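Coordinate inspection notes
Spelled out, the chains give:
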Amino acid sequence: MNKKPYFISTSIPYVNAQPHVGHSLEYIETDAVARYKRLLGSDVFFLSGADENSLKNVQAAEKAGKDVQTFVDEHSRYFSAFKDSLNISFDDFIKTTEKRHKDGAQKLWGKFDKKDIEKKAYKGLYCVGCEAFFKEEELIDGKCPDHKKEPEVIEEENWFFKLSNYQKQLKELVEKDIIKITPEFRKNEWLAFIDRGLEDFSISRSKERAHGWGVEVPEDDEQIMYVWVDALSNYTNALDFSGDETLYKKYWVQGEEREVVHVIGKGIAKFHVLYWPAMLLSAGMPLPTEIFVHGYMTIEGEKMSKSLGNVINPAELVETYGKDAVRYYFLGAVSSTKDGDFSKDRFEEFYTAHLVNGIGNLTSRVLTMLEKYSEGVVPTISADCFHTDKIYASYIHAFENYAFEGAIKSINELVRAIDTKISEERPWEKAKNGEDISELLYQLVEGLRHIALLLIPVIPDTAQKIFAQLGYSEEEIKSFLFDKEKEWGVLEQGTDVKRDNILFARLTS
Ligand SMILES: [Zn+2]
């Protein structure tokens with residue numbers, strides 16, 4: 001069977017500081033989708049990376065008294081380390097100071113339709129924090145609304161991209177979901193934005209202002225590319241766009257029913273909904289098919305900020321609670337589309353309710369009963385009393401719409417249904433009275449297998465641990481196909497099961 005190619009990316013953060021929980025939200029969400037798609041049988045290319053060319057990085061390096069490359073190398077590692085610390089299964093991690101990236105960005109520039117770019121003198125208000133120009137009316141009290149800082153007045157000759165050439169086309173692409181923007185309210189927001197008229201934007205800066213850092217504009221040795229222009233092209237550059245284009249053709253160009261998905265935060269939607277598609281149109285390249293826009297994270301109801309000192313490094317959370325606890329909270333307790341909040345109390349409540357008392361306790365209960373009343377062997381297959389087909393329908397619907405909360409609700413529904421079944425049927429009493437409970441035991445242990453399957457995209461380590469107790473090898477789990485595994489009755493009679501250590505430790509305070 002030829003697997004269907006599927007491309008998904010996170011955005012590439014500036015690496016001027018350590019990652020915070022907002023970054024981990026995006027990584028976890030994107031990873032869950034990538035794992036879900038793999039389970040469906042797609043040939044997934046999951047890309048992540050680091051934006052090392054931003055002027056912010058240069059400033060942060062200068063402040064730290066470090067050589068810029070040394071500084072960005074060091075900081076990029078905090079992000080690529082998510083691979084292990086949060087089990088983020090990206091297939092590649094591109095850094096924008098790599099040669100393949102710089103070559104690719106220049107190749108893209110070279111493909112821009114000449115009618116779309118021009119060099120002209122420009123004067124504008126620039127916020128380095130945002131790496132973007134502002135109009136007077138966009139400022140609040142003369143300051144950048146995000147950074148609360150007055151922008152710099154910049155006057156120089158720059159290259160410009162005529163975004164206005166694509167106004168009509170962009171509107172149609174978004175309106176008709178050819179580039180599908182999820183959630184719907186973001187789509188409407190950007191349609192309204194396009195209707196107000198699109199302005200041309202600067203795509204280069206003087207070498208001097210860029211401190212000589214960044215990607216050079218081809219055939220203009222005085223100019224460095226605007227950081228967003230090179231940054232956006234990371235998505236295709238990681239696919240060896242500047243090389244032999246094999247990966248690019250496979251994962252970006254694809255064939256019928258392409259799926260090219262970007263996962264981004266709301267703050268950079270403009271670049272992905274407008275700039276990037278327009279640049280691709282100008283270069284005659286295929287477009288992303290979907291952009292999922294998530295919200296921001298607040299901490300205990302407050303905006304995350306260095307000055308408030310409430311920035312949480314996800315590594316600390318992982319150390320305290322474990323990676324699956326962190327993944328479970330960010331997918332299940334935080335809205336995927338609106339702003340979400342991290343609260344320690346809520347985190348611990350969620351952990352105890354769903355992982356300790358829910359999944360963890362149920363796993364141990366079911367396997368204990370199998371050991372006690374069935375000699376640790378799976379009994380004869382019996383019918384599905386949990387309507388798992390309905391659970392799968394709502395789970396799939398949720399995942400297809402990036403509604404991770406909904407997916408986790410479906411999982412918890414099944415956990416509750418099995419728990420209820422146990423309390424109602426009281427198998428220990430029946431066994432004591434000499435009744436045959438093998439039908440019930442099968443339902444419980446097969447139900448547990450379904451929970452493990454549903455958990456694969458969400459908390460893969462835990463899923464693996466449950467499957468291991470049900471006698472599955474790591475290799476078997478890797479080759480799972482959802483369509484086959486989601487049938488009832490897959491767990492075979494006679495399988496040896498073995499209870500292991502508890503999955504989630506109770507919190508002590
Ligand atoms: Zn700003």
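This text follows the structure it describes.
Here's a quick rundown of the structure. (Residues numbered from 1 in each chain as written. Predicted model: local features only at pLDDT ≥ 70, side-chain atom pairs only at ≥ 80, totals over all residues. Heavy atoms only, no water.)

**What about the overall build of the chain?**
Just so we agree on the cut-off: Think of it this way: any DSSP run of H or I at least four residues long counts as a helix, any run of E at least two long counts as a strand, and we number them from the N terminus. We compute the radius of gyration from the C-alpha atoms alone; for a globule the expected value is 2.2 Å times N to the 0.38, where N is the number of residues. Relative accessibility thresholds used throughout: buried, under 20% of the residue-type maximum; exposed, over 50%; partly exposed, between the two (1.4 Å probe, protein chains only). Here the Shrake-Rupley method, with its probe set to 1.4 Å, supplies the accessible areas, and only the displayed protein chains count as covering residues. Counting rule for charge: Lys and Arg are taken as positive, Asp and Glu as negative, and neither His nor the chain ends is counted. A charge is said to be at NZ when it belongs to Lys, at CZ for Arg, at CG for Asp and at CD for Glu.
Counting its secondary structure elements, the chain contains 21 helices and 15 strands. For 509 residues, the compact-globule estimate of 2.2 N^0.38 gives 23 Å, and the chain sits close to it at 26 Å. If you line up the chain on its principal axes, its C-alpha atoms span 90 × 50 × 40 Å. When each of the 509 residues of the chain is scored for burial, the buried share is 56%. By element, 48% of the accessible surface of the chain is carried by carbon and sulfur atoms, the whole surface being about 22300 Å². Of the charged side chains in the chain, 65 are positive and 86 negative; the average position of the first set lies 1 Å away from that of the second.

**Quick notes on the sheet that holds strand β14 (residues 302-303)**
By definition, the strands of a sheet pair up through backbone hydrogen bonds, in either a parallel or an antiparallel sense. Definition in use: When DSSP finds two or more bridges between a pair of strands, those strands are recorded as paired.
Judged by pairing direction, the sheet is mixed, and its 3 strands sit side by side in the order β14-β13-β15 without closing on themselves. What marks the edges here is a single partner per strand, and that holds for β14 and β15 (340-342).

**What to know about the nonpolar core**
Here is the rule we go by: Joining through side-chain atoms within 4.5 Å is the link that ties buried Ala, Val, Leu, Ile, Met, Phe, Trp, Tyr and Cys residues into a set, and such a set is a nonpolar core. Here a residue-residue contact requires only that any non-hydrogen atoms of the pair lie within 4.5 Å.
Ranked by size, the top nonpolar core spans 171 residues in total, and within it Phe161, Tyr226 and Phe330 carry the most contacts. If near-sequence neighbours (up to four positions away) are discounted, Phe161 is found in contact with Phe112, Asp116, Ile117, Tyr166, Asp200, Phe201, Ile203, Ala278, Met279 and Ser282.

**Side note on the coordination of the zinc ion**
Inclusion rule: Each metal site lists N, O and S donors within 2.8 Å (3.2 Å for Na, K and Ca). With water left out of the atoms, a site can look as if it is missing ligands. Angular criteria define each label, namely tetrahedral for four donors with all angles between 85 and 135 degrees, square planar for four and octahedral for six donors with opposite donors over 155 degrees apart and remaining angles between 65 and 115, and irregular for whatever fails these tests.
Within the protein, the atoms that donate to the zinc ion are Cys127 (SG), Cys130 (SG), Cys144 (SG) and His147 (ND1), at distances of 2.1 to 2.4 Å. Viewed at the metal, the 4 donor atoms of the zinc ion are separated by angles of 98 to 117 degrees, and the geometry they form is tetrahedral. Mapped onto the sequence, the donors of the zinc ion take the spacing C-x2-C-x13-C-x2-H. Pair noted here: Cys130 is in the loop between β4 (117-127) and β5 (132-134) and Cys144 is in the loop between β5 and β6 (152-161), with a separation of 14 residues, a long-range link. The pair formed by Cys130 and Cys144 is uniform in burial state, with each residue classed as buried.

**Thoughts on the packing of helix α6 (residues 167-175) against helix α7 (residues 184-195)**
We count it as follows: Orientation is described by axes fitted as lines to C-alpha atoms, over the contacting stretch for helices, and by angles from 0 to 180 degrees between their N-to-C directions. The cut-offs work like this: below 35 degrees is roughly parallel, past 145 is roughly antiparallel, 65 to 115 is roughly perpendicular, and the gaps in between are oblique. In this scheme the handedness of a crossing depends on how the near helix is turned from the far one: anticlockwise by less than a right angle means left-handed, clockwise means right-handed.
Across the interface, α6 lies against α7 with an axial gap of 10 Å and an inter-helix angle of 165 degrees. The angle between α6 and α7 falls in the class roughly antiparallel. As α6 packs across α7, the resulting crossing turns out to be left-handed. For the pair α6 and α7, contact is made by Gln167, Leu170, Lys171, Val174 and Glu175 and by Lys187, Leu191, Ile194 and Asp195, respectively.

**Observations regarding the layout of surface pockets**
The following threshold applies: With a 1 Å grid laid over protein atoms only, a set of points is called a cavity when a 1.4 Å probe fits there but cannot get out and a pocket when it is open yet has protein on both sides within 12 Å along at least five of seven lines; lining residues have an atom within 4 Å of a point. Grid points are joined across faces, edges and corners, and a volume is the space filled by probe spheres set on the points. The nonpolar class holds Ala, Val, Leu, Ile, Met, Phe, Trp, Tyr, Cys and Pro. Asp, Glu, Lys and Arg form the charged class, and all remaining residues, Gly among them, are polar.
In this structure, the second largest pocket occupies an estimated 530 Å³ of space. Along the walls of the second largest pocket sit 20 residues, with Arg35, Arg38, Ile456, Ile477 and Lys478 positioned nearest its centre. Of all elements in the fold, only α1 (21-40), β2 (43-50), α19 (460-469) and α20 (474-478) reach the threshold of two or more residues within the lining of the second largest pocket. The element best represented in the lining of the second largest pocket is α19, accounting for 4 residues. Class assignment of the residues belonging to the lining of the second largest pocket gives a composition of 8 nonpolar, 5 polar and 7 charged.

**Comments concerning the pairing of β4**
Relative to β6, β4 is paired through 10 bridges, and the arrangement is antiparallel. Counterpart to Tyr122 in the pairing with β6 is Glu156. Looking at chain direction, β4 and β5 are connected through 3 bridges and run antiparallel. Residue Cys127 lies in a different strand from β5, and its bridge partner there is Ala132. Counting the residues in the hairpin turn of β4 and β5 gives 4 residues, including Glu131, whose phi is positive at 55 degrees.

**Section: unusual backbone geometry**
Of note, the amide linkage connecting Thr182 to Pro183 takes the cis form, showing an omega dihedral of 0 degrees. Positive phi is not limited to glycine here, since Asn87 has a value of about 60 degrees. Examined against the element boundaries, Asn87 turns out to sit in the loop between α4 (82-85) and β3 (92-95). Judged by relative accessible area, Asn87 falls into the buried class, the value being 16%.

**Comments concerning the packing of aromatic side chains**
As a reminder of what qualifies: When the centres of two rings from Phe, Tyr and Trp lie within 6.5 Å, Trp using its six-membered ring, the rings pair. Their planes under 30 degrees apart give stacked, over 60 give edge-to-face, and anything left gives tilted. We count a charge as sitting over a ring when the NZ of a lysine or the CZ of an arginine lies within 6 Å of the ring centre and within 35 degrees of the ring normal.
Tallied over the entire structure, the rule returns 46 aromatic pairs. Taking 5.3 Å as the distance between ring centres and 85 degrees as the angle between the ring planes, the aromatic pair formed by Phe271 and Tyr275 counts as edge-to-face. Of this pair, Phe271 and Tyr275 both sit in helix α11 (residues 269-283), 4 residues apart, roughly one helical turn. Residues Phe271 and Tyr275 agree in their burial class; the two are buried. Ring pairing ties together the aromatic residues Trp109, Phe112, Trp159, Phe161, Tyr166, Phe201, Trp228, Phe271 and Tyr275, which thus form one cluster. When the ring centre of Tyr126 is taken as reference, the NZ or CZ atom of Arg209 above it lies at 4.9 Å.

**Regarding the pattern of salt bridges**
Cut-off, in case you're wondering: Salt bridges are defined by distance alone: a side-chain nitrogen of Lys or Arg within 4 Å of a carboxyl oxygen of Asp or Glu.
Summed over all chains, the structure comprises 39 salt bridges. Close ionic contact of Lys107 with Glu245 constitutes a salt bridge, the shortest N to O distance being 2.6 Å. Here Glu245 lies in the loop between α9 (234-237) and α10 (246-253) and Lys107 lies in helix α5 (residues 99-111), a separation of 138 residues in the sequence. Overall, the relative accessible area of 27% leaves Lys107 in the partly exposed class.

**Some thoughts on empty space enclosed by the protein**
The tally for this structure, following the rule as stated, stands at 1 cavity of 30 Å³ or more. Estimates place the volume of the largest cavity at around 30 Å³. Within the residue set of the lining of the largest cavity, elements represented by two or more residues are α8 (227-232) and α9. Take the lining of the largest cavity: its biggest share by element is 3 residues, from α8. Residue composition of the lining of the largest cavity, grouped by class: 6 nonpolar, 3 polar and no charged.

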